[in-house]
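# Close look at the chain arrangement
Residue strings, one per chain:
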Amino acid sequence: MVNLSYIRKRRARRIIAAVAGGCSALALIIGAIALLGQRASPLTVSLNNSGAKLTLATSETSEDGRVYLVADKVPGYDLYTESQFDYYHKELDDENTYSELAEKESATLFFKYTFYITNTGGSEADYDLSLTLSNPTKDASNRYDIDSILRVRFYENQNLDEHNYVTYAKKSADPHIDENGNQSWKEQIAGDGSGYAEEFVSSKVILNSAVRNLAPGAKVRNTFVFWLEGEDPECNGEAPVNSALILGVNVSAHEAENPSIE
């Protein structure tokens, strides 16, 4: 287990969210993003409408609906741990809070991104959201795959006063016995007592989410928080450097299959 004493808690912050130009609402290429390197944008979100009229925005009050969002670049990642978060969930799950950087902005401690999905059409809509990954690499010393220590916290709330979330991690290298006496491969979020994360869906998909019957005018606030968990049992030695993990967020929308509104 890594010694986290060298992790510096500094509030050097900067805005990460930036919106790229609009693309066709009917056909979009899923955006690929580099989360853990210094070579590319840390996040893109793409929306594909098929019979629905949803838009993306980085502000609750924005009327400049988009179908493509992209974040600014950030420095490479340092190790972090969940216990270092000194935010309430309503603070993390907020468009006005930003990623945290290490001293002198030399590394990213955690990256966060908030965006809204709004139904601007006249009928209910369904949509599916996925976060995918490809070509995960090892850290510079070739000790471990970066995705094995990645944590993803996903807030998804239609009631904007709520801040419900789920935390995800790659399945553990060693199973444990859960509270029901069954063998489980869920990884601890951080150290002992931190609870267990939901497993990544597969080697290529971190998570899937489905929203049904989103009413006209309704919004869903989504926040992703990413960090490299230094208390993961597979994390050993110094912080990783020059490693890359390519991720992409895709939203696929269509008219509600079972509408509740006439």
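Every chain begins its residue count from 1, and numbering advances along the sequence as written. Per-residue local features are limited, in this predicted model, to residues with pLDDT of at least 70; the limit for side-chain atom pairs, both in listing and counting, is 80 or more; totals at the level of whole chains, interfaces and linings are taken over all residues. Hydrogens and water molecules were not included; the side-chain quantities draw on all heavy atoms of the structure.

### A look at the overall build of the protein
Note the following rule: In DSSP terms, a helix is any run of H or I states spanning at least four residues, a strand is any run of E spanning at least two, and both are numbered starting from the N terminus. Only the protein chains shown count as cover for residues, with accessible areas throughout obtained via the Shrake-Rupley method and a probe of 1.4 Å.
Counting its regular elements, the protein contains 1 helix and 18 strands. Carbon and sulfur atoms make up 46% of the accessible area of the protein, which totals about 12,100 Å².

### Here's the deal with the pattern of salt bridges
What counts, and what does not: We define a salt bridge as a contact between a side-chain nitrogen of Lys or Arg and a carboxyl oxygen of Asp or Glu at a distance within 4 Å. Each residue is assigned to one of three classes by its accessible area relative to the maximum for its type, calculated with a 1.4 Å probe on protein chains only: buried under 20%, partly exposed between the two thresholds, exposed over 50%.
Evaluation of the coordinates by the stated rule reveals 7 salt bridges. The salt bridge involving Asp-64 is made with Arg-66; its shortest N-O contact spans 2.9 Å. For the salt bridge of Asp-128 with Arg-212, the shortest nitrogen-to-oxygen distance reads 3.0 Å. Of this pair, Asp-128 sits in strand 10 (residues 125-134) while Arg-212 is found in strand 16 (residues 205-214), placing the two residues 84 residues apart along the sequence. Taking relative accessible area as the criterion, Arg-212 reaches 40% and is therefore assigned partly exposed.

### Comments concerning the nonpolar core
Applied cut-off: We define a nonpolar core as any set of buried Ala, Val, Leu, Ile, Met, Phe, Trp, Tyr and Cys residues linked to one another through side-chain atoms lying within 4.5 Å.
Core analysis: the biggest nonpolar cluster contains 42 residues, and Tyr-127, Leu-129, Ile-206 and Phe-224 have the highest contact counts within it. The leading source of residues in this core is strand 10, at 5 residues. The next biggest cluster of nonpolar side chains, apart from the first, holds 14 residues, and it includes Tyr-80, Tyr-87, Leu-109 and Ala-197.

### A look at the side chain of Thr-223
Our working definition: Polar contacts, as counted here, are pairs of nitrogen or oxygen atoms within 3.5 Å of one another; within protein the pair requires one atom able to donate a hydrogen and one able to accept it, and residues that are adjacent in sequence qualify only if both atoms are side-chain atoms. Contacts are residue-level and defined by heavy atoms, with any inter-residue pair within 4.5 Å sufficient.
Inspection of the secondary structure assignment puts Thr-223 in strand 17 (residues 219-229). Its relative accessible area of 0% is what places Thr-223 among the buried residues. A distance of 2.8 Å separates the side chain of Thr-223 from the side chain of Thr-114, its partner in a polar contact. Setting aside residues up to four positions removed in sequence, Thr-223 forms contacts with Leu-92, Asp-93, Asp-94, Lys-112, Tyr-113, Thr-114, Arg-153, Phe-154 and Tyr-155.

### Topic: the packing of aromatic side chains
To be explicit about the condition: Here a Phe, Tyr or Trp ring, Trp counted by its six-membered ring, pairs with any other such ring whose centre lies within 6.5 Å, and the pair is stacked when the planes are under 30 degrees apart, edge-to-face when over 60, and tilted otherwise. Only when the NZ atom of a Lys or the CZ atom of an Arg is both within 6 Å of the ring centre and within 35 degrees of the ring normal do we say a charge sits over the ring.
On inspection of all chains with the given rule, the structure shows 11 aromatic pairs. Measuring from ring centre to ring centre gives 5.3 Å for Tyr-80 and Phe-85, while their planes differ by 85°; the resulting arrangement is edge-to-face. We classify Phe-85 as buried; its relative accessible area is 13%. Every member of this aromatic cluster is reached through a ring pair, and the members are Phe-111, Tyr-113, Phe-115, Phe-154, Phe-224 and Phe-226. The ring of Trp-185 carries the charged tip of Lys-171 above its face, separated from the ring centre by 5.3 Å.

### Looking at the environment of Asp-192
Looking at the element boundaries, Asp-192 is found in the loop between strand 14 (183-184) and strand 15 (198-199). The exposure class of Asp-192 is exposed, given its relative accessible area of 75%. Between the alpha carbons of Asp-192 and Glu-231 there is a distance of 9.2 Å; along the sequence they are 39 residues apart. In this structure the side chain of Asp-192 is engaged in a polar contact, spanning 3.5 Å, whose partner is the side chain of Gln-188.

### Description of unusual backbone geometry
One non-glycine residue, Asn-213, adopts positive backbone phi at about 55°. You can see Asn-213 is positioned in strand 16.

### As for the environment of Gln-188
Within the secondary structure, Gln-188 sits in the loop between strand 14 and strand 15. The spacing of Gln-188 and Glu-198 is 10 residues in sequence and 9.2 Å in space, taken between C-alpha atoms. Filtering out sequence-adjacent residues up to four positions away, Gln-188 remains in contact with Arg-151, Gly-193, Ser-194, Gly-195 and Tyr-196.

### Thoughts on the pairing of strand 11 (residues 150-157)
Heads up, the rule is: Only when DSSP finds a minimum of two bridges between them are two strands counted as paired.
Within strand 11, 7 of the 8 residues are buried, leaving the element largely enclosed by the surrounding structure. Pairing of strand 11 with strand 17, which is carried by 8 bridges, proceeds in the antiparallel orientation. For Tyr-155, the partnering residue across the bridge sits in strand 17 and is Thr-223. Relative to strand 12 (residues 165-169), strand 11 runs antiparallel, the two being bridged by 5 bridges. Each residue of the ladder has a partner; that of Arg-153, found in strand 12, is Thr-167.

### Focus: the pairing of strand 5 (residues 54-57)
Side-chain alternation along strand 5 places Leu-54 and Leu-56 on one buried face and Thr-55 and Ala-57 on a second face that is also buried. Direction of pairing for strand 5 relative to strand 9 (residues 108-119): antiparallel, over a ladder of 4 bridges. Within the sheet, the bridge partner assigned to Leu-56 lies in strand 9 and is Ile-117.

### So, the confidence of the model for the protein
Quick note on the threshold: Per residue, pLDDT measures the predictor's confidence, with a range of 0 to 100.
In this model, the protein carries a mean pLDDT of 81, and residues with pLDDT of at least 70 account for 78%. In this model, residues 5-39 is a region of pLDDT below 50 whose contacts with residues beyond four sequence positions or in other chains number 125 contacts.

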